[in-house]
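Read off the chains here:
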Amino acid sequence: MRCDELEPLIEAIADGTIEPSPEDRAHVSSCPTCSARLAAARRIEEWLSAREMAQPAATFTAAVMARIGDETWKTERVVDIGFNLFIAAGVLVFIAFGAGLAWSLGFLTVTLDTEQLLRAVFAQVEGRVISQLQTTAIAAVVLTMALALWWWAEEAAD
Ligand SMILES: [Zn+2]
């Protein structure tokens with residue numbers, strides 16, 4: 001048994017948390033460093049146990065718990081408001097994309113002539129639909145990732 005092996009155990013031996021092994025005892029009694037450490041630790045232990053423990057006020061626990069509950073409620077409310085705003089923004093983005101797509105294809109023209117509509121669709125479907133779908137798909141992926149992240153954050157907070 002070397003001194004550095006015994007050193008982390010000195011405090012626990014001093015306060016009685018662990019019982020020293022016969023080898024520990026033998027080493028402490030033959031080693032001036034370790035016996036001095038143990039004596040110092042015992043003095044500190046005695047001094048600490050002689051001190052009066054400060055008692056918290058009777059209302060302390062209740063006050064802390066009430067404060068925590070209050071903080072949690074505020075945080076959840078902010079999260080809920082943020083979530084609702086986020087959903088609203090997402091819905092608006094999709095409506096805007098849908099409207100843009102419809103407008104670019106001629107769906108929103110005042111005269112909803114079927115032939116004209118079909119011509120417009122066939123004439124423009126390739127370029128515009130693809131570019132709009134790409135943009136919408138990217139927005140959908142970003143929104144899904146954000147929602148997943150939000151869900152994860154809420155799960156982690158619980
Ligand atoms: Zn020693």
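Please read these numbers as outputs of a predicted model, since none were measured by experiment.

Peer 1: It is not clear to me how the overall build of the protein should be interpreted in this structure. Could you clarify?
Peer 2: Within the protein one finds 6 helices and 0 strands. Taken from the N to the C terminus, the helices and strands of the protein come in the order α-α-α-α-α-α. Rg of the C-alpha trace for the protein: 36 Å, well past the compact-globule value of 15 Å for 158 residues, more than 25% over. Seen through its C-alpha atoms, the protein measures out along the principal axes to roughly 105 × 45 × 20 Å. Out of the 158 residues belonging to the protein, those deemed buried represent 15%. The long-range fraction of contacts in the protein, counting pairs at least 24 apart against all pairs at least 6 apart in sequence, stands at 64%. Only carbon and sulfur atoms are counted for the fraction: they give 66% of the accessible area of the protein, which is about 12200 Å². In the protein, the 11 positive side-chain charges and the 21 negative ones have mean positions that sit 6 Å from each other.

Peer 1: Whenever I open this one, the coordination of the zinc ion confuses me. Can you help?
Peer 2: Four donors placed tetrahedrally about a metal ideally form angles of 109.5 degrees, and six donors placed octahedrally ideally form angles of 90 or 180 degrees. Here the zinc ion is held by the protein donor atoms Cys3 (SG), His27 (NE2), Cys31 (SG) and Cys34 (SG), which lie 2.0 to 2.3 Å from it. Taken together, the 4 donor atoms coordinating the zinc ion and their angles of 101 to 115° define a geometry best described as tetrahedral. Sequence positions of the residues that donate to the zinc ion give the spacing C-x23-H-x3-C-x2-C. With a gap of 24 residues between them, cysteine 3 in helix 1 (residues 3–6) and histidine 27 in helix 3 (residues 22–30) connect regions that are remote in the sequence. Cysteine 3 gets classed as partly exposed once you look at its relative accessible area, which sits at 26%.

Peer 1: Is there a simple way to explain the pattern of salt bridges in this structure?
Peer 2: Once their charged atoms are close, side chains differing in charge can pair, the charge on each being opposite to the other. Under the criterion given, the structure shown has 5 salt bridges. The shortest N-O distance in the salt bridge between aspartate 4 and arginine 2 comes to 3.5 Å. Two residues, arginine 25 and glutamate 19, come together in a salt bridge whose shortest N-O distance is 2.8 Å. Given a relative accessible area of 44%, arginine 25 falls into the partly exposed group. Three or more residues are tied together by salt bridges with common partners; here these are Arg2, Asp4 and Glu5.

Calculation notes
Residues numbered from 1 in each chain as written. Predicted model: local features only at pLDDT ≥ 70, side-chain atom pairs only at ≥ 80, totals over all residues. Heavy atoms only, no water. Helix = DSSP H or I, 4+ residues; strand = E, 2+ residues; numbered from the N terminus. Rg over C-alpha atoms; globule rule 2.2 N^0.38 Å. Buried < 20%, exposed > 50% of the residue type's maximum accessible area, 1.4 Å probe, protein only. Contact = heavy atoms within 4.5 Å. Areas by Shrake-Rupley, 256 points an atom, 1.4 Å probe, with all protein chains shown as cover. Lys, Arg positive; Asp, Glu negative; His and termini not counted. Charge placed at Lys NZ, Arg CZ, Asp CG, Glu CD. Donors = N, O, S within 2.8 Å, 3.2 Å for Na, K, Ca; no water. Tetrahedral: all angles 85-135°; square planar, octahedral: opposite > 155°, others 65-115°. Salt bridge = Lys/Arg side-chain N within 4 Å of Asp/Glu carboxyl O.

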